[in-house]
Amino acid sequence: AISKTASMTSLKKEAKLMKIIPLNRLHETAFAFSDISVTYRTPQWNSTGSLSGSGRTVNGFLLVDKGNCNYNWVGGNTDLSKGGLIYLAKESKKVITVTERPFSYYNINFTLTDTADGEEIIFDDKPMLITHSVSKNIEIICNSMLSSTMSKGGIYKSISLLCELLDIIIKFYIYNPKTKI
């Protein structure tokens with residue numbers, strides 16, 4: 001069942017209720033983060049240079065650090081190179097095809113929950129290109145998040161950095177028409 005309101009869409013999947021709240025409307029909702037993890041990956045690809053994935057279990061961002069790839073999902077695709085940032089919707093499926101090696105990326109995963117009703121929040125029901133070229137600040141935040149998630153008690157720093165990352169994305173990539181993709 002899908003229900004729509006002016007500001008959000010609720011999706012019922014596998015007895016879990018999720019709602020879509022676009023990034024530019026997130027400030028209207030009280031929310032909490034959980035399941036935060038950050039990894040830096042330099043994957044070993046199969047002979048075709050591609051990796052398929054089943055539905056994601058959490059939201060995420062992928063930031064390309066080295067190389068190039070084509071990120072395909074149901075209904076779209078985009079080429080990404082160093083500095084490319086894409087939002088990865090929970091339950092979205094993808095195929096990444098590496099077009100230039102070495103290829104490395106940051107994978108920032110998280111669950112976002114509306115504190116009023118307990119529903120999970122996604123920004124869209126499919127991946128969403130944020131930009132082809134992030135600012136140096138975003139690279140620094142991703143590296144700091146990687147360090148903090150690996151340290152004991154680093155969850156508080158990770159939450160703070162994830163809030164900072166969302167703030168930068170919303171201010172400079174969602175509201176600024178010169179950098180919006």
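Everything numeric in this text was worked out from a predicted model, so none of it was measured. (Residues numbered from 1 in each chain as written. Predicted model: local features only at pLDDT ≥ 70, side-chain atom pairs only at ≥ 80, totals over all residues. Heavy atoms only, no water.)

### Here's the deal with the overall build of the protein
For step 1, the next point in the chain: Summing up its helical and strand segments, the protein has 2 helices and 11 strands in all.
For step 2, the next point in the chain: From first element to last, N terminus to C terminus, the protein shows the α and β order β-β-β-β-β-β-β-β-β-β-β-α-α.
For step 3, the next point in the chain: Considering the protein as a whole, with its 181 residues, one finds that 47% of them fall into the buried category.
For step 4, the next point in the chain: Long-range pairs, those at least 24 residues apart, make up 75% of the contacts in the protein with a sequence separation of at least 6.
For step 5, the next point in the chain: Accessible surface for the protein amounts to roughly 9,300 Å². Of this, 53% is attributable to carbon and sulfur atoms. (Helix = DSSP H or I, 4+ residues; strand = E, 2+ residues; numbered from the N terminus. Buried < 20%, exposed > 50% of the residue type's maximum accessible area, 1.4 Å probe, protein only. Contact = heavy atoms within 4.5 Å. Areas by Shrake-Rupley, 256 points an atom, 1.4 Å probe, with all protein chains shown as cover.)

### Details of the packing of aromatic side chains
For step 1, the next point in the chain: A full pass over the atoms with the stated rule returns 9 aromatic pairs.
For step 2, the next point in the chain: Arranged with centres 5.6 Å apart and planes meeting at 80°, the rings of F31 and F33 form a pair that is edge-to-face.
For step 3, the next point in the chain: For F31, a relative accessible area of 28% gives the class partly exposed.
For step 4, the next point in the chain: Using a relative accessible area of 14% as the deciding quantity, one classes F33 as buried. (Phe/Tyr/Trp six-rings, centres within 6.5 Å; stacked < 30°, edge-to-face > 60°.)

### Points about helix α1 (residues 136–149)
For step 1, the next point in the chain: For α1, built from 14 residues, the straight-helix expectation of 20 Å at 1.5 Å per residue is met to within 8% by its first-to-last C-alpha distance of 20 Å.
For step 2, the next point in the chain: Buried residues in α1 make contact with β4 (31–41), β6 (59–73), β8 (85–88), β9 (94–114) and α2 (155–174). (Expected span 1.5 Å × (residues − 1).)

### With respect to the packing of α1 against α2
For step 1, the next point in the chain: Close contact between α1 and α2 brings their axes to 9 Å; oriented N to C, the two are set at 160°. With respect to their mutual orientation, α1 and α2 come out roughly antiparallel. The chirality of how α1 crosses α2 is left-handed. For the pair α1 and α2, the contacting residues are N137, I138, I141, S144, M145, S148 and T149 in the first and K157, S158, L161, L162, E164, L165, I168, I169 and Y173 in the second.
For step 2, the next point in the chain: Tallied by class, the residues present in the contact of α1 with α2 amount to 9 nonpolar, 5 polar and 2 charged. (Axes fitted to C-alpha atoms, helices over the stretch in contact; angles between N-to-C directions. Parallel < 35°, antiparallel > 145°, perpendicular 65-115°, else oblique. Left-handed = near helix turned anticlockwise from the far one by under 90°. Nonpolar A, V, L, I, M, F, W, Y, C, P; charged D, E, K, R; others polar.)

### Let's talk about the pairing of β9
For step 1, the next point in the chain: The pairing of β4 with β9 spans 9 bridges and is classified as antiparallel. Paired with S37 across the two strands is N109, which belongs to β9.
For step 2, the next point in the chain: Across 4 bridges, strand β5 (residues 50–53) lies against β9 in antiparallel orientation. Its bridge partner lying in β9, G53 is registered against K94.
For step 3, the next point in the chain: Summarising the sheet, β6 and β9 pair through 13 bridges and their orientation is antiparallel. (Pairing = 2+ DSSP bridges.)

### Here we look at unusual backbone geometry
For step 1, the next point in the chain: The peptide bond linking R101 to P102 adopts the cis configuration, its omega dihedral lying at 0°.
For step 2, the next point in the chain: When you line up the elements, P102 lands in strand β9.
For step 3, the next point in the chain: Non-glycine residue D35 carries a positive phi angle of around 55°.
For step 4, the next point in the chain: Inspection of the secondary structure puts D35 in strand β4.
For step 5, the next point in the chain: Of note, E91 is a non-glycine position whose phi angle comes to about 70°, a positive value.
For step 6, the next point in the chain: As for its placement among the helices and strands, E91 is situated in the loop between β8 and β9.

Read these as spatial facts, not as claims about activity.
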